[in-house]
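Each chain, letter by letter, is given below.
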Amino acid sequence: MSLNAVRPWRNIYRRKSRQIHVGSVPVGGDAPISVQTMTNTLTHDAAATIKQIQACADAGADIVRVSCPDEASTKAMHEIVRESPVPLVADIHFHYKRAIEAAEAGAACLRINPGNIGSPERVREVVSAARDHGCSIRIGVNAGSLEKHLLDKYGEPCPDAMIESGLDHMRILDDNNFREYKISVKASDVFMAAAAYQGLAEATDAPIHLGITEAGGLTSGTIKSAIGLGNLLWMGIGDTLRVSLSADPVEEVKVGFEILKSLGLRHRGVNIISCPSCARQGFDVIKTVEILEKRLEHIKTPMSLSIIGCVVNGPGEALMTDVGFTGGGAGSGMVYLAGAQSHKMSNDQMIEHIVEQVEKRAEQIESDEVTKIAV
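Residues numbered from 1 in each chain as written. Predicted model: local features only at pLDDT ≥ 70, side-chain atom pairs only at ≥ 80, totals over all residues. Heavy atoms only, no water.

(A) Expanded view of the overall build of the protein chain. In terms of helices and strands, the protein chain carries 13 helices and 15 strands. Overall, the C-alpha framework of the protein chain stretches about 75 × 45 × 40 Å when taken along its three principal axes. Pairs at least 24 apart in sequence give 63% of the contacts found in the protein chain among residues at least 6 apart. Accessible area of the protein chain: about 17,300 Å², with a carbon and sulfur share of 53%. On the protein chain, the mean spot of the 38 positive side-chain charges and the mean spot of the 46 negative ones are 2 Å from each other. (Helix = DSSP H or I, 4+ residues; strand = E, 2+ residues; numbered from the N terminus. Contact = heavy atoms within 4.5 Å. Areas by Shrake-Rupley, 256 points an atom, 1.4 Å probe, with all protein chains shown as cover. Lys, Arg positive; Asp, Glu negative; His and termini not counted. Charge placed at Lys NZ, Arg CZ, Asp CG, Glu CD.)

(B) Looking closely at helix α7 (residues 159-175). Between the first and last C-alpha of α7 there are 24 Å, a value that for 17 residues agrees with the 24 Å anticipated at 1.5 Å per step. Listed in full, the buried residues belonging to α7 are Ala-161, Met-162, Ile-163, Ser-165, Gly-166, His-169, Met-170 and Leu-173. (Expected span 1.5 Å × (residues − 1). Buried < 20%, exposed > 50% of the residue type's maximum accessible area, 1.4 Å probe, protein only.)

(C) Expanded view of the packing of aromatic side chains. On inspection of all chains with the given rule, the structure shows one aromatic pair. With centroids separated by 5.3 Å and ring planes inclined at 75 degrees, the aromatic side chains of Phe-283 and Phe-325 adopt a geometry described as edge-to-face. Taken as a pair, Phe-283 in the loop between β11 (270-274) and α11 (285-295) and Phe-325 in strand β13 (residues 323-327) lie far apart in primary sequence, 42 residues in all. By relative accessible area, which is 8% here, Phe-283 ends up buried. When the ring centre of Tyr-181 is taken as origin, the NZ or CZ atom of Arg-18, which lies over that ring, is 4.6 Å away. The ring of Phe-257 carries Arg-268 above its face, with NZ or CZ at 5.7 Å from the centroid. (Phe/Tyr/Trp six-rings, centres within 6.5 Å; stacked < 30°, edge-to-face > 60°. Lys NZ or Arg CZ within 6 Å of the ring centre and 35° of its normal.)

(D) Structural view of the packing of helix α1 (residues 46-59) against helix α10 (residues 249-262). Running from N to C, α1 and α10 point in directions that differ by 20 degrees, and their axes come no closer than 9 Å. If you check the angle between α1 and α10, you find them roughly parallel. Read as a crossing pair, α1 and α10 show a hand that is right-handed. In this structure, α1 contributes Gln-52, Ala-55, Cys-56 and Ala-59 to the contact, and α10 contributes Pro-249, Val-250, Val-253 and Phe-257. (Axes fitted to C-alpha atoms, helices over the stretch in contact; angles between N-to-C directions. Parallel < 35°, antiparallel > 145°, perpendicular 65-115°, else oblique. Left-handed = near helix turned anticlockwise from the far one by under 90°.)

(E) Spatial organisation of the pattern of salt bridges. Under the criterion given, the structure shown has 20 salt bridges. Residue Glu-101 is joined to Arg-98 by a salt bridge in which the shortest nitrogen-to-oxygen separation is 2.8 Å. Of this pair, Glu-101 and Arg-98 both sit in helix α3 (residues 96-105), separated by three residues, roughly a single helical turn. No difference in accessibility class separates Glu-101 from Arg-98, as the two residues are buried. (Salt bridge = Lys/Arg side-chain N within 4 Å of Asp/Glu carboxyl O.)

(F) The arrangement of the packing of α7 against helix α8 (residues 190-203) in detail. Contact pair α7 / α8: the axes reach a minimum separation of 8 Å and the direction vectors enclose 40 degrees. Relative to α8, the element α7 is oriented oblique. Helix-helix and strand crossings are classified by hand; for α7 and α8 the assignment is right-handed. Across from Pro-159, Met-162, Ile-163, Leu-167 and Met-170 in α7, the residues of α8 making contact are Met-192, Ala-195, Ala-196, Gly-199, Leu-200 and Ala-203.

(G) Summary view of the nonpolar core. Judged by nonpolar contacts, the single largest core of 79 residues is most densely connected at Met-77, Leu-110, Met-162, Leu-210 and Leu-233. Per element, the largest residue contribution to this core is eight residues, and it comes from α8. With sequence-adjacent residues up to four places away left out, Leu-233 is seen in contact with Ile-12, Ile-33, Leu-210, Leu-241, Ile-259, Leu-260, Leu-263 and Leu-265. Val-289, Ile-307, Ile-351 and Ile-354 belong to the second largest nonpolar core, which has 21 residues in total. (Core = buried A, V, L, I, M, F, W, Y, C linked by side-chain atoms within 4.5 Å.)

(H) Inspection of the sheet that holds strand β15 (residues 340-346) at higher detail. Across the sheet, which stays open at both edges, the five strands sit in the order β11-β12-β13-β14-β15 with mixed pairing between neighbours. Each of the sheet's edge strands pairs with one partner strand only, and the pair in question is β11 and β15. Between one strand axis and the next, the sheet turns by 20 degrees as a mean value, whatever way the strands run. Two strands pair when backbone bridges link them, and strand β14 (residues 332-337) and β15 are joined in this way by six bridges, in the antiparallel orientation. Of the residues in β15, the one forming a bridge with Val-335 is His-343. (Pairing = 2+ DSSP bridges.)

(I) Local environment of the sheet that holds strand β6 (residues 109-112). Strand order across the open sheet formed by eight strands is β8-β7-β6-β5-β4-β3-β10-β9, with parallel pairing between neighbours. Every other strand in the sheet has two partners, leaving β8 (181-186) and β9 (209-210) as the edge strands with one partner each. In this sheet, strand β4 (residues 63-67) lies alongside strand β3 (residues 34-38) in parallel orientation, the contact comprising three bridges. Bridged to Met-38 within β4 is Arg-65. Where α1 meets the sheet, it contacts β3, β4 and β5 (88-91), and its direction lies at approximately 155 degrees from that of β4. Packed onto the sheet, α8 meets β8 and β9 and runs at close to 150 degrees relative to β8.

If you want it as structure tokens, here you go:
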């Protein structure tokens with residue numbers, strides 16, 4: 001993130017981490033914070049899994065994780081990897097052969113816990129397969145599946161137990177001279193996860209994968225994730241993230257991007273600034289925003305749109321956005337372009353007109369970027 005000299009209170013100083021790669025996606029260092037999700041199809045159904053991966057990629061996912069619980073799944077990974085538009089992480093638990101098969105199938109990363117793979121020899125085999133096939137590894141510590149000796153030591157899942165587990169797993173990879181790894185310490189408890197991530201960030205320079213695991217449904221999970229991940233990101237912690245929701249994986253991607261956009265850490269698509277509406281509104285704000293969110297999903301260019309129901313805050317918000325519409329009276333409102341008052345537009349034509357203006361503005365922004373690069 002570039003520093004903001006004019007508004008220093010917006011600056012976020014990211015923790016310094018080493019950089020690895022998940023396929024073509026850099027993670028850590030000065031790379032953008034990447035957004036991940038996970039498929040929930042049966043992996044052996046390659047067609048269904050590919051379709052879901054494509055939908056997630058269209059929504060903006062940089063990386064997608066795919067569970068590989070059995071041999072049928074790792075066999076399907078050959079086709080899935082070939083058709084996927086983004087790098088894939090193979091999710092492995094306990095079965096070291098599945099990890100080797102996934103690496104051979106072309107997975108860009110293996111999600112494992114080295115301590116759960118088995119004997120040191122089995123770990124060496126998995127690491128060798130990862131190295132031979134250009135895979136990175138994510139160490140995935142979870143409060144719900146901590147090792148028995150740590151639960152005996154600490155009495156219950158807690159931040160210190162999670163950090164110790166993570167450091168133990170990292171040591172296994174380090175002892176095998178493998179450094180292409182990132183790590184997560186997830187919990188469904190926001191306080192526990194945040195404390196564990198803070199401690200982990202101080203203990204290692206490895207890239208950190210953020211997540212509040214098993215966060216819940218779309219609404220409750222979004223709120224939990226925004227609180228937990230948002231605070232960590234604000235502190236500069238986190239190199240990649242997944243929002244875990246009991247919902248369509250596409251929704252996870254959308255929420256992840258919205259969290260990053262709200263902190264100025266990633267910019268993609270139209271950021272709609274809208275009021276909650278009240279008796280002063282000159283048009284149906286809620287319905288209008290709902291329609292515009294759908295109509296503008298195809299816009300990938302980072303830009304802002306203000307939709308405000310009346311003139312109390314509308315003109316002020318429009319000054320800071322690429323396109324704006326402020327409700328007025330007599331069935332019409334004011335259109336703002338690049339922060340300046342432009343022209344009036346009737347309410348019954350406003351949606352089509354706003355979509356047109358946003359598309360024009362997106363084209364202009366893209367053209368200006370091309371010109372800058374050429375110069």
